[in-house]
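Read off the chains here:
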2 protein chains.
Amino acid sequence: MTTSFYPPQRTLMGPGPSDVHPRVLAALSRPTIGHLDPEFIRMMDEVKQMLQYAFKTESPLTMPISAPGSAGMEACFVNLVEPGDKVIVCQNGVFGGRMKENVERFGGTAIMVEDDWGKPVDPAKVKAAFAAHSDVKILAFVHAETSTGVLSDAKTLCQIAQHHGALTIVDTVTSLGGSELDVDGWGVDAVYSGTQKCLSCPPGISPISFNQRAIEVIEKRQTKTPSWFLDQKLVMGYWGGGAKRAYHHTAPVNALYAFHESLVMLEEEGLENAWARHRHHHNALRDGLEAMGIGFLVEEPYRLPQLNSVFVPEGIDEAEVRSRLLADYSLEIGAGLGALAGKVWRIGLMGAACNKKNVLLCLSALENTLSAMGADIPTGKAIAAAQAVYNAN
Amino acid sequence: MTTSFYPPQRTLMGPGPSDVHPRVLAALSRPTIGHLDPEFIRMMDEVKQMLQYAFKTESPLTMPISAPGSAGMEACFVNLVEPGDKVIVCQNGVFGGRMKENVERFGGTAIMVEDDWGKPVDPAKVKAAFAAHSDVKILAFVHAETSTGVLSDAKTLCQIAQHHGALTIVDTVTSLGGSELDVDGWGVDAVYSGTQKCLSCPPGISPISFNQRAIEVIEKRQTKTPSWFLDQKLVMGYWGGGAKRAYHHTAPVNALYAFHESLVMLEEEGLENAWARHRHHHNALRDGLEAMGIGFLVEEPYRLPQLNSVFVPEGIDEAEVRSRLLADYSLEIGAGLGALAGKVWRIGLMGAACNKKNVLLCLSALENTLSAMGADIPTGKAIAAAQAVYNAN
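Residues numbered from 1 in each chain as written. Chains lettered and ligands numbered in written order. Predicted model: local features only at pLDDT ≥ 70, side-chain atom pairs only at ≥ 80, totals over all residues. Heavy atoms only, no water.

1. Concerning unusual backbone geometry
Here comes step 1: Each neighbour pair has its own omega, and for glycine 16 of chain A with proline 17 of chain A the value is 0°, a cis peptide bond.
Here comes step 2: Phi at aspartate 135 of chain B takes a positive value of approximately 55°, unusual for a residue other than glycine.
Here comes step 3: Here aspartate 135 of chain B is to be found in the loop between α5 (123–132) and β5 (136–142).
Here comes step 4: Looking at aspartate 135 of chain B, the relative accessible area reads 67%, which means it is exposed.
Here comes step 5: Although it is not a glycine, serine 200 of chain B adopts a positive phi angle of roughly 55°.
Here comes step 6: Take serine 200 of chain B: it is sitting in the loop between β9 (190–192) and β10 (206–210). (Helix = DSSP H or I, 4+ residues; strand = E, 2+ residues; numbered from the N terminus. Buried < 20%, exposed > 50% of the residue type's maximum accessible area, 1.4 Å probe, protein only.)

Shown next as structure tokens:
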């Protein structure tokens, strides 16, 4: 007979999920009510409004998809791409590759713009791709690459797309709530994100938003969207219908309680303050890591404060370090992916997990573990370097 | 500033979600851990094993999809249907119509077998459809129609499909855990379900299973599955990979804690005992409703014990009754759908909500409300009729 599962109490400083705040966990376990209950519908309206605030958009087609971020990505592509469409896809990490898969599975042609993992998307290459191809319908790129910790210049990339009359699909899974994002100001046409990064909600739902230009493209489709579950024309009837909501699917009631609470907390803190908090603790972590002799994969201007890709010291088995951190400190940090596997760690400072306590724990645990494993690193300096950042503020 | 959301405490006796047991809500709010954490992977293995028990299958490709039941349906169709395929779709309620949408969106041809809403799928019509069409690849039908409360004879329908060399896709959203279901014994090839019905878990994930025949068909596809998120070849690498799981998407960690706990509770009760419990309380509710002069839409042999479609008494505004039940008793029952809107209610007795307390509350509340609204019904007999069923056991 199987017994109940009691998870260990971790500190989550990997690429997500991040630590979930106790207020959000408490909301998650409130009694389930019907997905058509008037009280639930009122809550859905609040979720939409707060999500508009988080994305900085006034678009009414702003809502959480009832599935994880990869379904949010698919919701954007499956609704906007039709067979034969040309899409410029920027790839500088794992998720650009997934975008290519999406374009091709829905019958489009992906024109790839590639940059090295750890580098931002190069606007000059995007301009060149537009110059080389006519009738490009969409430019798709990742704002904050979770696989490398790189921030790309979404504002400039959107301007290039607009200049060529193309729509934009932007992945903000790791940026929403952690780095500046201005969906309406930058003219992002379709955007998706996740809940388990800087919003510190459990994984499972995916916030998205389409603006009027994107809605018009969806409404003028020549072919039926090759998905029933993600067809925005149907989802709109459910999330956008006010009192006359058309039943589409059963919303994940409790997951939406949690998401609501995490958005309430974001409103309370203020979006700009949340961005500044991520930057502040990143600075402390950075100074501590550098004092330990650990360097960053990404050049300073393109670093995501909420996701720090740092090099594993020479001769150290990185998986062994992660195992020890988990066993000795119940601390999770992330491994490198693809070509970076074995070479970097990804240290997250996301949402509720982005705080002084975690920065100090991570530095102390990493220094002690690396020393015990015989790494040739300076010791006794990391904590002081981090505290110096805190003391200066 | 938006404030935290505190849902009312309802009694959920609609078509789902059903009341979630406090043990399941408690599991839901345990601390989030990483989706690649060794402890989480151990829990995933337990979920798979317990789900095999619930479905009565030994197939290793048995797992929860990270999205609601309608995505579970889509996972079956998008993986098994290729352009040009012929699929016999049985429609006797809302969900058969959704299956047709699925078939057509993935380029297949749906051959419709229609029965009246409130009637089971007629095996003779299915035989006739196979006789009239060669090269049918799949037979798809709903085992337990949530829109009407009808149980169809899945065993017989699967035999017909096997006789013609066709695969079966069976919707068991409302039957799993509430009515006899024997996936391997009946030879169901692809099955999907929901968590928010007789398993009494919050909505948001969808258990599915594919057997070896279905897996072979997926592996031999000529075209790429037109979905990345639901591509079972990729999902298999994540859920089936043991220690070497390939990252596909971020699993909904806390939703899976809850699902795990609901499956532990099902194991503790025993599958057959759970089916018997649903039958037992249905009998009490039925005798109580009939003593009130309220009749059933569905003939006795085809009635789902867990979903009771009953006629609204003459001259009564059914929506007003539901509003009063919600306001005066915090009790939710369901409305009729489609052609049955305004004519029937759907009273659920699902999972944790299927108990004596709820049967008595529902009968008492309904009788009092109908009397107050001037319905011409016998009073003072319903509770006694239900108690007689309980006293006899």
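2. A word on the sheet that holds strand β1 (residues 11–13) of chain B
All names here are of chain B.
Here comes step 1: The strand order β1-β12-β13-β11 describes an open sheet built from 4 strands, whose pairing is mixed. Edge positions in the sheet fall to β1 and β11 (307–311), since each has one partner strand and no second. Each neighbouring strand pair of the sheet contributes to a mean axis angle of 30°, computed without reference to strand direction.
Here comes step 2: Here helix α13 (residues 356–372) sits on the sheet in contact with β1, β12 (331–335) and β13 (344–348), set at roughly 85° to β1. (Pairing = 2+ DSSP bridges. Axes fitted to C-alpha atoms, helices over the stretch in contact; angles between N-to-C directions. Contact = heavy atoms within 4.5 Å.)

3. A word on the interface of chain A and chain B
Here comes step 1: At the junction of the two partners, chain A supplies 71 residues and chain B supplies 71 residues.
Here comes step 2: Surface buried jointly by chain A and chain B totals about 6,100 Å² across both partners, of which 61% is contributed by carbon and sulfur atoms.
Here comes step 3: On the chain A side of the interface with chain B, the three residues burying the most area are Phe5, Arg105 and Trp228 of chain A, jointly 14% of the side's total.
Here comes step 4: Summed over the shared surface of chain A and chain B, the result is 6 salt bridges.
Here comes step 5: Ionic pairing is found between lysine 224 of chain A and glutamate 101 of chain B, a salt bridge with its closest N-O pair at 3.2 Å.
Here comes step 6: Linking chain A with chain B are 24 residue pairs in polar contact (both at pLDDT 80 or more), by the criterion used here.
Here comes step 7: Secondary-structure elements contributing two or more residues to the side of chain A that touches chain B are α1 (22–28), α2 (38–55), α3 (69–80), α4 (94–105) and α10 (253–269) of chain A.
Here comes step 8: Top contributing element to the side of chain A that touches chain B by residue count: α10 of chain A, with 8 residues.
Here comes step 9: Partitioned by chemical class, the residues of the side of chain A that touches chain B number 33 nonpolar, 21 polar and 17 charged. (Buried area = accessible area lost by both parts, 1.4 Å probe. Salt bridge = Lys/Arg side-chain N within 4 Å of Asp/Glu carboxyl O. Polar contact = N/O pair within 3.5 Å; in protein donor to acceptor, adjacent residues only side chain to side chain. Nonpolar A, V, L, I, M, F, W, Y, C, P; charged D, E, K, R; others polar.)

4. Side note on the packing of helix α12 (residues 318–329) of chain A against helix α13 (residues 356–372) of chain A
All names here are of chain A.
Here comes step 1: Close contact between α12 and α13 brings their axes to 10 Å; oriented N to C, the two are set at 120°. With respect to their mutual orientation, α12 and α13 come out oblique. Crossing handedness for the pair α12 and α13: right-handed. Contact with α12, carried on its side by Val321, Arg324, Leu325 and Tyr329, involves Leu361, Ala365, Leu366, Asn368, Thr369, Leu370 and Ala372 of α13 and no other residues of that element.
Here comes step 2: Of the residues that constitute the contact of α12 with α13, the class distribution is 8 nonpolar, 2 polar and 1 charged. (Parallel < 35°, antiparallel > 145°, perpendicular 65-115°, else oblique. Left-handed = near helix turned anticlockwise from the far one by under 90°.)

5. Here's the deal with the UniProt feature "modified residue: N6-(pyridoxal phosphate)lysine" (unreviewed entry) in chain A
Residue and element names in this part refer to chain A.
Here comes step 1: The sites that carry the UniProt feature "modified residue: N6-(pyridoxal phosphate)lysine" (unreviewed entry) are, in the present numbering, Lys197.
Here comes step 2: Following the sequence through the fold, lysine 197 ends up in the loop between β9 (190–192) and β10 (206–210).
Here comes step 3: Overall, the relative accessible area of 6% leaves lysine 197 in the buried class.
Here comes step 4: Contacts of lysine 197, omitting those with residues within four sequence positions, involve Pro15, Gly16, Ser18, Thr146, Val173, Thr174, Met350 and Gly351.
Here comes step 5: Engagement of the side chain of lysine 197 in a polar contact is seen with the backbone oxygen of proline 15, the distance being 2.5 Å. (UniProt positions renumbered as here; feature names shortened; annotations may be inferred.)

6. Looking at the sheet that holds strand β12 (residues 331–335) of chain A
Residue and element names in this part refer to chain A.
Here comes step 1: The 4 strands lie next to each other as β1-β12-β13-β11, forming an open sheet whose pairing is mixed. Only two strands of the sheet have a single partner each, and these edge strands are β1 (11–13) and β11 (307–311). Taken pair by pair, the neighbouring strands of this sheet meet at an average axis angle of 30°, ignoring direction.
Here comes step 2: In this fold α12 packs onto β12 and β13 (344–348), with an angle of close to 160° to the strand it touches most, β12.

7. Observations regarding the pattern of salt bridges
Here comes step 1: What the rule picks out here adds up to 40 salt bridges over all chains.
Here comes step 2: A salt bridge links arginine 42 of chain A to glutamate 39 of chain A; the shortest N-O distance between them is 3.1 Å. Of the two residues, arginine 42 of chain A and glutamate 39 of chain A are both situated in helix α2; the distance of 3 residues between them amounts to about one turn of the helix.
Here comes step 3: With a closest N to O distance of 2.9 Å, lysine 125 of chain A and aspartate 115 of chain A form a salt bridge. Highlighted residues: lysine 125 of chain A in helix α5 (residues 123–132) and aspartate 115 of chain A in the loop between β4 (109–114) and α5, separated in sequence by 10 residues.
Here comes step 4: When salt bridges that share partners are traced, they join Glu101 and Arg105 of chain A together with Lys224 and Asp231 of chain B into one network.

8. Side note on the environment of lysine 220 of chain A
All names here are of chain A.
Here comes step 1: Considering the arrangement of structural elements, one finds lysine 220 in the loop between α8 (212–219) and α9 (232–239).
Here comes step 2: Judged by its relative accessible area of 60%, lysine 220 is exposed.
Here comes step 3: C-alpha of lysine 220 to C-alpha of leucine 80: the two residues are 140 residues apart in sequence and 10.0 Å apart in space.

9. Notes on helix α6 (residues 154–163) of chain B
Residues and elements named next belong to chain B.
Here comes step 1: Here α6 has its buried residues at Ala154, Leu157, Cys158, Ile160 and Ala161. Down the axis of α6, the sector holding all buried residues measures 155°, keeping them to one side.
Here comes step 2: Next to the buried residues of α6 lie α5, β5, β8 (167–171) and α7 (183–186).
Here comes step 3: Two residues or fewer past α6, glycine 165 is found with a positive phi of approximately 70°. (Arc of directions from axis to C-beta.)

10. Comments concerning the pairing of strand β3 (residues 86–91) of chain A
Residues and elements named next belong to chain A.
Here comes step 1: Counting buried residues along β3, 5 of its 6 residues qualify, which places the element largely inside the surrounding structure.
Here comes step 2: Across 6 bridges, the pairing between β3 and β4 is parallel. Within the sheet, the bridge partner assigned to valine 87 lies in β4 and is alanine 110.
Here comes step 3: As a crossover connection, the stretch from β3 through α4 into β4 is right-handed. (Right-handed = clockwise from strand over helix to strand, strands pointing away.)

11. Observations regarding the domain arrangement of chain A
Residues and elements named next belong to chain A.
Here comes step 1: Domain annotation for chain A reports domain 1 (21–268) and domain 2 (271–392).
Here comes step 2: In this structure, domain 1 and domain 2 have C-alpha centres spaced 29 Å apart.
Here comes step 3: Opposite the 28 residues of domain 1 that make contact, domain 2 presents 23 residues.
Here comes step 4: When the two sides are added together, the surface that domain 1 and domain 2 hide from each other amounts to roughly 2,000 Å², 64% of it contributed by carbon and sulfur.
Here comes step 5: Interface area lost by domain 1 to domain 2 is led by Trp117, Gly149 and Leu151, which between them contribute 20%.
Here comes step 6: The interface formed by domain 1 and domain 2 includes 2 salt bridges.
Here comes step 7: Our count for the contact surface shared by domain 1 and domain 2 stands at 10 residue pairs in polar contact (both at pLDDT 80 or more).
Here comes step 8: Contributing elements (two or more residues each) for the side of domain 1 that touches domain 2: α2, β6 (144–145) and β7 (150–151). (Domains from an automatic or database assignment.)

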